[in-house]
Amino acid sequence: MVEPDISVVCDQSKLDKHGCKGAPDLIVEILSSSSLRHDRLVKLNLYQQAGVREYWIVDPENRSVMVFLPDSNGSFRLREDYGREDVAKVNVLDGCFIELNKVFSE
């Protein structure tokens, strides 16, 4: 069992008093030196198998965000690799963008 740093569920019918039934739409993991391998391999594979629609790996040290989306076979592929000055598109939320210079402010 894994626990994401941030999860976004767009379908309210998936939520009950115990949490989320089914896969969240978006999961965000924030890297630390102790979680690099786990977040980039183990969790990525588990979330892919569960049917998560979008997976972000946030690297605070490098001030970057990697966005993974499933391909036509359901396998996660790196879609975007954003830097500190970029505006990141949240693919599962129409019209939602995040200014990363505000996330990674000094």
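Refer to the structure printed above.
Residues numbered from 1 in each chain as written. Predicted model: local features only at pLDDT ≥ 70, side-chain atom pairs only at ≥ 80, totals over all residues. Heavy atoms only, no water.

So, about the overall build of the protein chain. Each helix and strand in the protein chain was counted, giving two helices and nine strands. Ordered by position from the N terminus, the helices and strands of the protein chain form the series β-β-β-β-α-β-β-β-β-β-α. By the compact-globule yardstick of 13 Å for 106 residues, the protein chain fits well, its C-alpha radius of gyration being 14 Å. Over its C-alpha atoms, taken along the principal directions, the protein chain stretches across nearly 40 × 30 × 30 Å. Across the 106 residues that make up the protein chain, the buried fraction comes to 31%. Total accessible area on the protein chain is roughly 6800 Å²; 48% of this is exposed by carbon and sulfur atoms. For the protein chain, the distance from the average position of its 13 positive side-chain charges to the average position of its 18 negative side-chain charges is 4 Å. (Helix = DSSP H or I, 4+ residues; strand = E, 2+ residues; numbered from the N terminus. Rg over C-alpha atoms; globule rule 2.2 N^0.38 Å. Buried < 20%, exposed > 50% of the residue type's maximum accessible area, 1.4 Å probe, protein only. Areas by Shrake-Rupley, 256 points an atom, 1.4 Å probe, with all protein chains shown as cover. Lys, Arg positive; Asp, Glu negative; His and termini not counted. Charge placed at Lys NZ, Arg CZ, Asp CG, Glu CD.)

On inspection of all chains with the given rule, the structure shows three aromatic pairs. Seen in terms of ring centroids, Y55 and F68 are 6.2 Å apart; in terms of plane orientation they differ by 35 degrees. Their pairing is tilted. With Y55 in strand β5 (residues 54-59) and F68 in strand β6 (residues 64-70), this pair connects stretches of sequence that are 13 residues apart. Both residues of the pair, Y55 and F68, belong to the buried class. Three or more aromatic residues joined by ring pairs form one cluster here, namely Y47, Y55, F68 and F76. (Phe/Tyr/Trp six-rings, centres within 6.5 Å; stacked < 30°, edge-to-face > 60°.)

A separate point is the nonpolar core. L26, W56, V65, V67, Y82 and L100 are the most contacted members of the largest nonpolar core, which has 13 residues in total. Put simply, the parts of the chain that give this core at least two residues each are β4 (26-30), β5 and β6. If near-sequence neighbours (up to four positions away) are discounted, L100 is found in contact with V65, Y82, G83, R84, D86 and A88. Of all hydrophobic cores here, the second largest spans 11 residues; its members include L44, Y55, F68 and F76. (Core = buried A, V, L, I, M, F, W, Y, C linked by side-chain atoms within 4.5 Å. Contact = heavy atoms within 4.5 Å.)

Another point: the sheet that holds β6. Strand order in the open sheet formed by five strands is β1-β4-β5-β6-β7, with mixed pairing between adjacent strands. Two strands close off the open sheet at either side, each with one partner strand: β1 (6-8) and β7 (76-82). Taking each pair of neighbouring strands and ignoring which way they run, the sheet shows an average axis angle of 20 degrees. Two strands pair when backbone bridges link them, and β1 and β4 are joined in this way by three bridges, in the antiparallel orientation. Within the sheet, the bridge partner assigned to S7 lies in β4 and is I27. Here helix α1 (residues 36-50) sits on the sheet and contacts β4, β5, β6 and β7; the angle it forms with β5, its principal contact strand, is near 165 degrees. (Pairing = 2+ DSSP bridges. Axes fitted to C-alpha atoms, helices over the stretch in contact; angles between N-to-C directions.)

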